[in-house]
Amino acid sequence: MPKLWVGADLHLDHLNRLDYTAFKGSLMAKQPPEAILIAGDIGLGGQALGYLLDIQRAVDVPIYFVLGNHDFYCGAYVADGYIRNCAETVHAPVHYLFDRPYKLFDKTYVVGVDGIGDCGYGAPLSSEAWGMLNDFNWIHELRHDLTREERVEYLQERGRIQARRLKSSVHSCASMADRIIVLTHVPPFPQSCIHRGKQSSPSWLPFFASMYMGDTLIELARLYPDIQFHVYCGHTHEFARYEPTNNLIVHTLGAEYEHPKFEVVKY
Ligand SMILES: [Fe+2]
Ligand SMILES: [Fe+2]
């Protein structure tokens with residue numbers, strides 16, 4: 001039975017050098033999986049690829065990943081193109097899920113997009129989160145001299161673009177798949193966006209869940225009823241499991257700063 005390691009919100013920049021070495025050692029000591037899937041917030045700013053190459057060297061299996069908001073801090077969302085180019089040119093099986101599917105094993109494919117809090121759910125314009133989220137200080141596209149309305153428009157448009165890329169990745173492998181694993185950083189449904197045991201409020205849902213991703217997943221699950229869709233996401237750091245249709249399951253992976261870990265999933 002093929003085994004995967006699935007993780008989100010590793011935040012490896014929170015480990016000191018000794019703990020980082022111990023983390024890599026702990027990975028080497030385990031029975032390796034077929035592949036490792038990582039759903040964003042790997043490090044800070046441009047560190048993600050360096051960390052991924054370290055993990056790949058330690059475990060020696062392919063890695064498939066998307067990026068989270070922290071992976072763009074001190075930088076810009078436009079860096080996704082640069083990171084994609086770098087991932088494609090390194091001589092290691094480290095794959096940034098962007099706009100194409102990859103075959104994992106027998107009739108099982110993995111696709112993904114970063115995802116973003118796309119201001120689709122909740123009440124973005126009146127949200128109390130504006131002054132409290134680091135994203136607005138540390139991500140270039142969100143911090144220049146834009147009005148609240150312009151930022152909402154930008155986030156919604158980025159959400160729509162990513163949802164279209166996800167759709168096209170799924171279409172291109174659907175005829176060969178009976179299972180599609182979807183990686184994305186931000187939970188696609190309010191029911192998968194949990195904070196302290198409760199669904200996030202309308203103030204926080206705009207930035208912690210992705211409506212365009214959720215709508216697209218429902219559309220794809222209905223269009224392809226014979227395919228099982230398994231979504232893995234993170235961002236809230238709090239576990240949730242939501243099954244909106246009988247062929248679509250969304251797992252929000254729990255996480256704790258300074259304690260990076262992977263879940264073992266068997267198929
Ligand atoms: Fe995170
Ligand atoms: Fe995040």
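Now for a description of the structure that goes with this document. In this text, all values refer to a predicted model and were calculated from it rather than measured experimentally. (Residues numbered from 1 in each chain as written. Chains lettered and ligands numbered in written order. Predicted model: local features only at pLDDT ≥ 70, side-chain atom pairs only at ≥ 80, totals over all residues.)

### So, the overall build of the protein chain
Helix and strand content of the protein chain: eight helices and 13 strands. For the protein chain, whose C-alpha radius of gyration is 17 Å, the value lies close to the compact-globule estimate of 18 Å for 267 residues. Dimensions of the protein chain, computed from C-alpha atoms along their principal axes, come out at roughly 50 × 45 × 35 Å. Looking at the protein chain residue by residue over its 267 residues, the buried ones come to 44%. Within the protein chain, contacts between residues at least 6 apart in sequence are counted, and of these 77% link residues at least 24 apart. (Helix = DSSP H or I, 4+ residues; strand = E, 2+ residues; numbered from the N terminus. Rg over C-alpha atoms; globule rule 2.2 N^0.38 Å. Buried ≥ 20, exposed ≤ 12 C-beta atoms within 10 Å, placed from the backbone. Contact = placed C-beta atoms within 7 Å.)

### Concerning the packing of helix α6 (residues 148–173) against helix α8 (residues 211–223)
Viewed as axis vectors pointing N to C, α6 and α8 meet at an angle of 25°, and their least axial separation amounts to 9 Å. The pairing of α6 with α8 is recorded here as roughly parallel in orientation. Remark: the crossing between α6 and α8 carries right-handed chirality. In contact with G159, R160, Q162, A163, L166, K167 and V170 of α6, α8 contributes Y212, M213, T216 and L220. Broken down by class, the residue content of the contact of α6 with α8 amounts to six nonpolar, three polar and two charged. (Axes fitted to C-alpha atoms, helices over the stretch in contact; angles between N-to-C directions. Parallel < 35°, antiparallel > 145°, perpendicular 65-115°, else oblique. Left-handed = near helix turned anticlockwise from the far one by under 90°. Nonpolar A, V, L, I, M, F, W, Y, C, P; charged D, E, K, R; others polar.)

### Brief notes about the nonpolar core
Ranked by internal contacts, the top residues of the largest apolar core, which has 74 residues, are L37, L97, L183 and Y232. Among all residues touching L37, those that are not within four sequence positions of it are L4, V6, Y64, V110, I181, L183 and Y232. (Core = buried A, V, L, I, M, F, W, Y, C linked by C-beta atoms within 7 Å.)

### Notes on helix α1 (residues 17–28)
Its twelve residues place the ends of α1 17 Å apart at the C-alpha level, agreeing with the 16 Å of an ideal helix rising 1.5 Å per residue. Burial of α1 is sparse: only one of the twelve residues sit out of reach of the surface. (Expected span 1.5 Å × (residues − 1).)

### Quick look at the sheet that holds strand β2 (residues 35–39)
Overall, mixed pairing links the five strands, which are arranged β4-β3-β2-β1-β13 in an open sheet. At either end of the open sheet lies a strand with only one pairing partner, and these are β4 (94–96) and β13 (263–266). If you compare each strand with its neighbour and ignore which way they point, the axes differ by 25° on average. In terms of strand pairing, strand β1 (residues 3–7) meets β13 through four bridges, oriented antiparallel. Within the sheet, the bridge partner assigned to V6 lies in β13 and is E263. Set on the sheet, helix α2 (residues 48–59) makes contact with β2, β3 (63–66) and β4; between it and β3 the angle comes to about 160°. (Pairing = 2+ DSSP bridges.)

### A short note on the pairing of strand β7 (residues 179–183)
With respect to burial, β7 is a largely interior element, four of its five residues being buried. One ladder, built from five bridges, connects strand β6 (residues 108–112) with β7; its direction is parallel. Across the sheet, the residue bridging to G112 is L183, located in β7. Inspection of the sheet shows β7 paired to strand β10 (residues 228–233) by five bridges, in the parallel sense. Paired with L183 across the strands is Y232, a residue of β10.

### Details of α8
Taking 1.5 Å of rise per residue, the 13 residues of α8 would be expected to cover 18 Å, and the 18 Å separating its terminal C-alpha atoms lies within 8% of that figure. M211, Y212, M213, G214, T216, L217, L220 and A221 are the residues of α8 that are buried. Structurally, α8 contributes buried residues whose contacts are with α6, β10, β11 (240–245) and β12 (248–252).

### Some details on the sheet that holds β11
Pairing is mixed in the open sheet, where six strands are placed in the order β5-β6-β7-β10-β12-β11. This sheet does not close on itself; its edge strands, each paired only once, are β5 (102–105) and β11. With strand direction ignored, the average angle separating the axes of adjacent strands in the sheet is 25°. This element, α6, spans β6 and β7 of the sheet and lies at about 165° to β6.

### A short note on the environment of L52
For L52, the position within the fold is in helix α2. Measuring from C-alpha to C-alpha, the distance between L52 and A92 comes to 9.9 Å, with 40 residues separating the pair along the chain. Contact partners of L52, with chain neighbours within four places excluded, come to I42, I63, F65 and V94.

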